[in-house]
Amino acid sequence: MKSDRIQSDEVLWVIAVGLVACLLFSLPYIVGAFMCPPNAKFLGLLRLKDDLAVYLSWIEQVRQGHIFFVNLFTNIPQKHPFFNIFALLMGAVSKLSNISPVKLLFISRYILAFILVFTLYYLISFIFPDKVTRKVALLLVLFSSGLGWLTGGYAPQRGFENSVDLWQPESTVFFILYVNPLFTFALILMLCFFLALLKLRGWKSGVIAGICLLVLANVHTYDILIVGLVWIFFIFALSLKERKIQWKLILPALIASLIAIPAIYYQIYLLKNEPLFAKRAEVPTLSPSFRWYLTGMGLLIPLALWGATRRVKERKKDDQLLFLLCWIVAGFILPYLPFSFQRKLFMGTQIPLALLSTFAICPEFIKEKRNILPFLLPFLFLSNIVVLGTDIYSLITNQPLYPQPNYISDNESEALEWLKNWTTPEETILAIPDFACYIPALCGRRVYAGHWGETPDYEKKYKEVLRFYKATDPYIKKTFLKENNIKFVYYGSYERFFAPLFPQLENPFLQKIYQNEEVIIWRVLD
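The shown structure was predicted, so the numbers you read here are calculated from the model rather than taken from an experiment. In every chain, residue numbers begin from 1 and rise along the written sequence. Since the coordinates come from a predicted model, pLDDT governs what is reported: local features require at least 70, and pairs of side-chain atoms require 80 or more to be given and counted, while whole-chain, interface and lining totals use all residues. Side-chain measures here rest on the full set of heavy atoms in the structure, leaving out hydrogens and waters.

Engineer: Help me out: how do you make sense of the overall build of the protein chain in this one?
Structural biologist: Each helix is a run of DSSP H or I of at least 4 residues and each strand a run of E of at least 2, with the numbering of both proceeding from the N terminus. Each helix and strand counted, the protein chain has 24 helices and seven strands in total. Between the two quantities, the radius of gyration covers C-alpha atoms and the globule rule is 2.2 Å times the number of residues to the power 0.38. In terms of overall dimensions, the protein chain is globule-like: its C-alpha atoms have a radius of gyration of 25 Å, near the 24 Å expected for 526 residues. The C-alpha extent of the protein chain, read off along each of the three principal axes, is 85 × 45 × 45 Å. Burial analysis of the protein chain (526 residues in total) assigns 57% to the buried set. Summing over all exposed atoms, the protein chain offers an accessible surface of approximately 22600 Å²; the carbon and sulfur share of this is 65%. Between the averaged position of the 51 positive side-chain charges in the protein chain and that of its 38 negative side-chain charges there is a distance of 8 Å. Throughout this description, buried means an accessible area under 20% of the type-specific maximum (1.4 Å probe, protein chains only), exposed means over 50%, and partly exposed covers the range between. Methods summary: accessible areas were calculated by the Shrake-Rupley approach with a probe of 1.4 Å, and residue burial reflects only the protein chains presented. Under the counting rule used here, the positive set is Lys and Arg, the negative set is Asp and Glu, and His together with the chain ends is not counted. Charged groups are reduced to one reference atom each: NZ for lysine, CZ for arginine, CG for aspartic acid, CD for glutamic acid.

Engineer: Can you help me understand the pairing of strand 7 (residues 520-524) in this one?
Structural biologist: Looking along a regular strand, one sees the side chains alternate between the two faces of the sheet. Of all five residues that make up strand 7, four are buried, and the element is covered over most of its length. Strand pairing is assigned whenever DSSP detects at least two bridges linking the two strands. As paired elements, strand 5 (residues 486-491) and strand 7 share four bridges and run antiparallel to each other. The partner of tyrosine 490 across the bridge, within strand 7, is isoleucine 521. Across five bridges, the pairing between strand 6 (residues 510-515) and strand 7 is antiparallel. Residue pairing for strand 7: tyrosine 514 is matched across the bridge by isoleucine 521. In this antiparallel pair of consecutive strands, strand 6 and strand 7, the connection spans four residues.

Engineer: Just to check I follow, could you spell out the layout of surface pockets for this structure?
Structural biologist: Empty space left among the atoms is revealed by rolling a probe the size of a water molecule over them. Counted as a void, the largest pocket has a volume near 1400 Å³. Along the walls of the largest pocket sit 50 residues, with Asp51, Tyr222, Thr285, Lys344 and Trp452 positioned nearest its centre. Residue contributions to the lining of the largest pocket peak at five residues, all from helix 2 (residues 49-63). Grouping the amino acids of the lining of the largest pocket by side-chain chemistry returns 30 nonpolar, twelve polar and eight charged. Definitions used for this entry: grid spacing 1 Å over protein atoms alone; cavity, a set of points where a 1.4 Å probe fits but cannot get out; pocket, an open set with protein on both sides within 12 Å along at least 5 of 7 lines; lining residue, one with an atom within 4 Å of a point. Grid points are joined across faces, edges and corners, and a volume is the space filled by probe spheres set on the points. In this structure, the second largest pocket occupies an estimated 520 Å³ of space. Around the second largest pocket, the lining is made up of 20 residues, and of these Lys41, Leu43, Ser100, Val102 and Leu442 lie nearest the centre. Only strand 1 (40-42), helix 2, helix 4 (101-127), helix 19 (410-422) and helix 21 (438-443) provide two or more residues apiece to the lining of the second largest pocket. Top element by residues in the lining of the second largest pocket is helix 19. It accounts for five residues. Residue type decides the class: Asp, Glu, Lys and Arg count as charged, Ala, Val, Leu, Ile, Met, Phe, Trp, Tyr, Cys and Pro as nonpolar, and the leftover types, Gly among them, as polar.

Engineer: Got a minute to help me understand the environment of leucine 139 in this structure?
Structural biologist: Here leucine 139 is to be found in helix 5 (residues 131-143). On the basis of relative accessible area, leucine 139 is assigned to the buried category, the value being 18%. Leucine 139 sits 125 residues away from valine 14 along the chain, and the two C-alpha atoms are 9.7 Å apart. Leave out the neighbours within four places in its chain, and leucine 139 touches Trp13, Val17, Ser144, Leu373 and Leu377. Should any heavy atoms of two residues lie within 4.5 Å, those residues are considered in contact.

Engineer: Help me understand empty space enclosed by the protein, please; the structure alone is not making it clear to me.
Structural biologist: Tallied over the full model, the rule gives two cavities of 30 Å³ or more. Of the voids in this model, the largest cavity is the one considered here, and its volume is about 70 Å³. Surrounding the largest cavity, Asn71, Gln78, His80, Phe82, Glu274, Leu276, Phe277, Arg280 and Glu454 form its lining. Tallied by class, residues from the lining of the largest cavity come to three nonpolar, three polar and three charged. Put simply, the second largest cavity is a space of about 50 Å³. Considering the residues around the second largest cavity, the lining is formed by Leu46, Arg47, Lys49, Asp391, Ser394, Leu395, Leu401, Tyr402 and Asn406. Looking at side-chain class alone, the lining of the second largest cavity contains four nonpolar, two polar and three charged residues.

Engineer: Explanation requested: the pattern of salt bridges in the structure shown.
Structural biologist: Here the idea is simple: oppositely charged side chains can pair when their charged atoms come close. What counts as a salt bridge is simple: a side-chain nitrogen of Lys or Arg found within 4 Å of a carboxyl oxygen of Asp or Glu. Summed over all chains, the structure comprises ten salt bridges. Across the pair glutamate 10 and arginine 134 runs a salt bridge, and its minimum N-O distance is 2.8 Å. Residue glutamate 10 is located in helix 1 (residues 8-34), and its partner arginine 134 is located in helix 5; the two are separated by 124 residues in the primary sequence. Note on accessibility: glutamate 10 and arginine 134 belong to one class, buried. In this structure, aspartate 391 and arginine 47 form a salt bridge, with 2.9 Å as the shortest nitrogen-oxygen distance. In this pair, aspartate 391 sits in helix 18 (residues 382-397) while arginine 47 sits in the loop between strand 1 and helix 2, placing the two residues 344 residues apart along the sequence. Both residues of the pair, aspartate 391 and arginine 47, count as buried.

Engineer: Would you mind going over the nonpolar core with me for this structure?
Structural biologist: Looking at soluble globular proteins, one finds that nonpolar side chains tend to be buried together. Ranked by internal contacts, the top residues of the largest apolar core, which has 182 residues, are Trp231, Tyr469 and Leu481. By residue number, the principal contributor to this core is helix 7 (residues 181-199), which donates 15 residues. Excluding its chain neighbours within four sequence positions, the residues that come into contact with tryptophan 231 are Phe194, Leu197, Leu198, Leu249, Ala253 and Phe323. Here the nonpolar core consists of buried residues drawn from Ala, Val, Leu, Ile, Met, Phe, Trp, Tyr and Cys, with membership extended through side-chain atoms lying within 4.5 Å.

Engineer: Any chance you could explain the sheet that holds strand 3 (residues 428-430) here in plain terms?
Structural biologist: Here we have five strands laid out as an open sheet, ordered 4-3-5-7-6, and mixed in their pairing. Two strands close off the open sheet at either side, each with one partner strand: strand 4 (446-447) and strand 6. As paired elements, strand 3 and strand 5 share three bridges and run parallel to each other. Across the sheet, residue leucine 430 finds its bridge partner in strand 5, namely valine 489. Helix 22 (residues 458-470) rests against strand 3 and strand 5 of the sheet, and its axis sits at about 70° to strand 5. Interaxial angles span 0 to 180 degrees and are taken between N-to-C directions of axes, which are lines fitted to C-alpha atoms, for helices over the stretch in contact.

Engineer: Would you mind showing me how to read a nonpolar patch on the surface here?
Structural biologist: Each patch is built from residues that are more than 30% exposed by relative accessible area and take part in no salt bridge. Like charges join if they lie within 9 Å; nonpolar side chains (Val, Leu, Ile, Met, Phe, Trp, Tyr) join within 5 Å. Nonpolar side chains collect at one region of the surface, where Leu23, Leu27, Ile30, Phe34, Met35 and Ile396 lie side by side and expose about 600 Å² of accessible area between them. Summarising the element assignment, isoleucine 30 is placed in helix 1.

Here you go:
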C-alpha cells in the first residue's frame, strides 16, 4: 500500500521496533543494577554523568519549590535565575508523584524514546509512501552508526580525536536514546518543527512550528541554529529549482520565528546581563577533525550518495530529496562555524543520511528478493555495540569512564540526605569536584566546584580544592574557607583517596557535625 497515512499494522510494528531499541540500550543499565556492590546504589548515570547531574540539579530545585533556579555548581553570586521548561515539567512530575529526580530521569528515557520513534516514523511516512520502505528507513535511522569500531574503540586518553559515534551522543539517534533524555526531547521538537512546515500549509503550520521553536529555544537553544539553517537552505534550494520565491515556505517560517522571539530574547538577555550564564555559554565544546565525523557516519555517507544519485537518475527530483540534501549540507557545515559550542550542532545529521541511504537499498532490492538489510543492519550497528560493551565492561570492573563514580555507597547517600535536610541552598559545600558534582544533583545544594562547564575557572578551582585537603597549615585552610564563603566541608571516599590524613590534622576552625562509617561533615566556624 502506498500512502502517507500510517496504518494500524504499522503502529504495532513501530511499537515493536521501539521495544527492541529500548531493550538494547537498557543492557548496560541492567548490568549496572545487577553488579551494584553491597550497601551501595546504582544511579543509572553512565555517559555524560556531569551534564545529567546539571539537569538533575534543576529538577531537584523545582521539586523543592523553585520555578526559577540557579547554577549550584559554583558559589559565584547570580542576579538572574533562569528556567528550563524540560526541568520544570520533570520537577513538577517528581514533586506530584514523589518519584526521585534520578528515577524520573531514567523513566523519561523510555517514554521519550517511544515518542521520538513515532515522530520519526511520521516524518518517514511523509518521505516514503511504501510501507516496506518506511520500515527499512526507521530501522536505518534507529540502529545505524559509523565505523568507529574500526578505529580502536573508545579511550578517554584520546580525548575528542576519535570517531564521534563512539563518544558524542549527538552523533546518532541510538546514542541519544541511550544517554540523554533532554537530547531526545530536543530532537522531538526539531522533527515536529520540520513536520509542521513540510506537511501542513498556511498559518497553522507556522503556529505549530513556532510553539516547537519556542520550547526548543528554551530547553536546548543551540538547536534553533540547526533547524534555522536547514530551513533557509531548503527555501533557497527550492526557489532555485522552481525559479520563484517560495513564499509558502517563508511565511510560515516567519510566523514560527515571531512566536519563538520571547525565548530567544530571554537567552540573549541572560547572556548579556548574567556573567555566570555567559561564561557557561563560552566554555568551548569544539568539533574534532572532520575525518572523525566522516568515520562517525561511516557507510551512511556512500549509501546516501548512492541513494541521491539513484533518485536523480530516476528523475525524481522531489522536494523531499531536496530537503534531505539541505539537512545534510547544513549538518556538516554547522559544526565548523565560529561558535564555542560547535559539536553540539551536529545533532540529527544522521537522520537525513539514513533516509537517503534508504533510497539506495529500497525498493528494488526487496522486490527482487535481494534484501541486503539483514546483513547490512548488524554491520551498521557495530559501533553501538562497542559503546554498550564499553559501558558494560566499565560497570563489571567498576572502572568509570568519567571521574564521577558508577555507584555511591549507602553511607554517602545517607550523608547527602543529611546535607539536604540540614543545610540551605545558599550555603556552600566543599568536596572534591569529581564527587561534588553529585551534591547539587542529589540534594540540591551548592558546591564550590563541581562541573567542568558550569564552574567558572574549573581547573584552577579543582587545584585549590586539592591544595586545601592536602594542606597541613591551618591558617592556609582557614583563609581559603573564609575567602570563598564556604560553610561546610565534606570528607568521603574521594577526599580520603587524595588526603587520607585530613581528619587527623589540627583544624580548630572546623566543627564536626555529622559522621558515619565513611563520611565526615564539618561546619566552618565563624
